[in-house]
Amino acid sequence: MDQIVPKPRGRHSKGMYILPSLFTTANMAMGYYAILQVMHATAAEYWHLDNAAKAIGFAVLFDGLDGRIARMTGTSSDFGKELDSLADVIAFGVAPAMLAWSWGFNLMPTVLLTEWHIKLTQLGAIASFLFLMAGASRLARFNITSNPQPSNPGRPGKKYFVGMPIPAGAGVISAVVHFTGGDPLFSWYTALVWLAMVTTVGYLMVSTWRFYSFKDIDFRSRHPFRLILFLAALFASIWFFSRQMLFIIALIYMISGVFWRVQWIFRRRRERPPPPYKEASQAS
């Protein structure tokens, strides 16, 4: 009589490995859709920019889900990690860079296009490219660093990111555009502020400042009721007041890294260094 060979336990089916990649593909699709919307935007049909901002927001959601699903199901793979990085470059690098340039500089009213405004448009293109380069560099550093250490205090581990993650940087750009409904900037001084903000977000991504990662949140804890209630209230607020809520959340997250950095600087100045060591003289 033939013996039935039991199947080894602990092995996942191929469908389980495909599941995180589906969310990664959705992330990439949202980035591609955002790029198309930016290309279709004009001064008269600026609502395409708002659609692009919304698409980047959904890409942030899908990016968070694919990693968490892969960790929860134990289906992380090298292929998934590489695919996720490539998708992030499209959705959180190329798409927000084009959105930042088109919304803040390219669609400025033609009556204002003096020589200074043309120079400002060129500076905006450079700043948007620097944002893209900073995001790609942030991804490359994240991929090759196994346990990065923040330069300001914080216990090492997965609780903090070293530098603002690229989805958060793209989220800041898209949240600002969505807050205005996609209506492009119309004055040189607001464009100058936008230029500084895009450059600042790019710098925060390549910095070694710490940003909260939300990876220590455990949905499998014994008492997740408070967490579920908080998330439900948060999602309901975003659903009904998406422009205001996403704008506030994005700015608070960006400022949090700056706040912790400044706090560390003042704390280090208050701490007195230890007295210099003096070797005791020997009696002759």
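The structure presented is a predicted model; accordingly, all values stated were derived computationally and were not measured.

**Structural notes on the pattern of salt bridges**
Inspection of the entire model under this criterion finds 1 salt bridge. Residue Lys54 is joined to Asp50 by a salt bridge in which the shortest nitrogen-to-oxygen separation is 3.8 Å. In this pair, Lys54 and Asp50 both sit in helix H2 (residues 47–73), 4 residues apart, roughly one turn of the helix. Asp50 sits in the buried class, given a relative accessible area of 6%.

**Description of the confidence of the model for the protein**
Summing up the model confidence of the protein, the mean pLDDT is 82 and the portion of residues at 70 or higher is 80%. For the protein, the element scoring lowest by mean pLDDT is strand E1 (residues 160–162), at 82; helix H5 (residues 166–179) scores highest, at 95. Counting contacts from residues 4–10, a segment whose pLDDT is below 50, to residues more than four positions away or on other chains yields 0 contacts. In this model residues 277–284 is a low-confidence stretch, pLDDT under 50, and it forms 0 contacts with partners more than four residues away in sequence or in other chains.

**Focus: the packing of aromatic side chains**
The tally for this structure, following the rule as stated, stands at 6 aromatic pairs. With a centroid separation of 5.9 Å and 85 degrees between ring planes, the pair formed by Trp188 and Tyr189 is classed as edge-to-face. On the basis of an interplanar angle of 40 degrees and a centroid distance of 5.7 Å, the ring pair of Phe211 and Tyr253 is categorised as tilted. One end of the pair, Phe211, is in strand E2 (residues 210–212); the other, Tyr253, is in helix H8 (residues 242–270), and 42 residues separate them in sequence.

**Quick notes on a nonpolar patch on the surface**
Judged by side-chain polarity, Trp116, Phe186, Trp188, Tyr189 and Leu192 come together as a nonpolar surface patch covering roughly 550 Å² of accessible area. Broken down by element, the residue count for the nonpolar patch peaks at 3 residues, all from helix H6 (residues 188–206). Relative to the elements of secondary structure, Trp188 occurs in helix H6.

**Quick notes on H8**
Its 29 residues place the ends of H8 41 Å apart at the C-alpha level, agreeing with the 42 Å of an ideal helix rising 1.5 Å per residue. Taken together, the buried positions of H8 are occupied by Ala250, Tyr253, Met254, Ser256, Gly257, Arg261 and Trp264. On the buried face of H8, the contacting elements are E1, H5, H6 and E2.

**Examining the environment of Ala125**
Within the secondary structure layout, Ala125 lies in helix H4 (residues 115–144). Look at Ala125 and you get partly exposed, because its relative accessible area is 34%. For Ala125 and Trp101, which are 24 residues apart along the polypeptide, the C-alpha to C-alpha distance reads 5.9 Å.

**Some words on the nonpolar core**
Residues Leu49, Leu99, Met164 and Trp194 are the most contacted members of the largest nonpolar core, which totals 49 residues. Mapped onto this core, the elements with two or more residues apiece are helix H1 (14–40), H2, helix H3 (78–106), H4, H5, H6 and H8. Residue contacts for Trp194: discarding those within four places in its chain leaves Ala100, Trp103, Gly104, Phe105, Ile173, Val176 and Leu185.

**Description of the packing of H5 against H8**
The description of two helices packed together rests on the angle between their axes and the distance between the axes. Interaxial distance between H5 and H8 falls to 8 Å at its minimum, and their mutual angle equals 145 degrees. Every pair of crossing elements has a handedness; the one defined by H5 and H8 is left-handed. In this structure, H5 uses Ala168, Gly171, Val172, Ala175, Val176, His178 and Phe179 to contact H8, whose residues at the interface are Ser242, Arg243, Gln244, Leu246, Phe247, Ala250, Tyr253 and Met254. When the residues that make up the contact of H5 with H8 are grouped by side-chain class, the tally is 10 nonpolar, 4 polar and 1 charged.

**Details of the packing of H4 against H5**
Two elements in contact, H4 and H5, have axes whose closest approach is 9 Å; the angle formed by their N-to-C orientations is 155 degrees. Put simply, H4 runs roughly antiparallel to H5. Each of Phe131, Gly135, Ala136, Arg138 and Leu139 in H4 lies in contact with H5, whose residues at this interface are Ile166, Gly169, Ala170 and Ile173. Residue composition of the contact of H4 with H5, by class: 6 nonpolar, 2 polar and 1 charged.

About the criteria used
- As a convention, each chain's residues are numbered from 1 in the sequence order in which they are written.
- With pLDDT at 70 or above as the cut-off, local features in this predicted model cover only qualifying residues; side-chain atom pairs require 80 or more to be listed or tallied, and sums for whole chains, interfaces and linings still use all residues.
- Remark: hydrogens and water are excluded; side-chain values derive from all non-hydrogen atoms of the structure.
- We define a salt bridge as a side-chain nitrogen of Lys or Arg found within 4 Å of a carboxyl oxygen belonging to Asp or Glu.
- Working definition: helices are DSSP H or I runs of at least four residues, strands are E runs of at least two. Numbering for both runs from the N terminus.
- Think of it in three bands: residues with accessible area under 20% of the maximum for their type are buried, residues over 50% are exposed, and the middle band is partly exposed, with areas taken using a 1.4 Å probe on protein chains only.
- A residue's pLDDT is simply how confident the predictor is in it, with values from 0 to 100.
- By the convention used here, residues are in contact when the closest approach between their heavy atoms is within 4.5 Å.
- Two rings from Phe, Tyr or Trp (for Trp, the six-membered ring) form a pair when their centres are within 6.5 Å of each other. A pair whose planes differ by under 30 degrees is stacked, one over 60 is edge-to-face, and the rest are tilted.
- Surface patches are defined over residues having more than 30% relative accessible area and no salt bridge, joining like charges when they lie within 9 Å and nonpolar side chains (Val, Leu, Ile, Met, Phe, Trp, Tyr) when within 5 Å.
- Residue burial considers only the protein chains on display, and all accessible areas are found by Shrake-Rupley using a 1.4 Å probe.
- By definition here, a helix of n residues has an expected span of 1.5 Å times n minus one.
- In these notes, a set of buried Ala, Val, Leu, Ile, Met, Phe, Trp, Tyr and Cys residues joined through side-chain atoms within 4.5 Å is what counts as a nonpolar core.
- Inter-axis angles, ranging from 0 to 180 degrees, are taken between N-to-C directions of lines fitted to C-alpha atoms, where helices are fitted over the stretch in contact.
- By definition, any crossing whose near helix is turned counterclockwise from its far helix by less than a right angle is left-handed, and any crossing with a clockwise turn is right-handed.
- Here the nonpolar group is Ala, Val, Leu, Ile, Met, Phe, Trp, Tyr, Cys and Pro; Asp, Glu, Lys and Arg are the charged ones; every other residue, Gly included, is treated as polar.
- For classification purposes, an angle smaller than 35 degrees is called roughly parallel, one larger than 145 roughly antiparallel, one from 65 to 115 roughly perpendicular, and anything else oblique.

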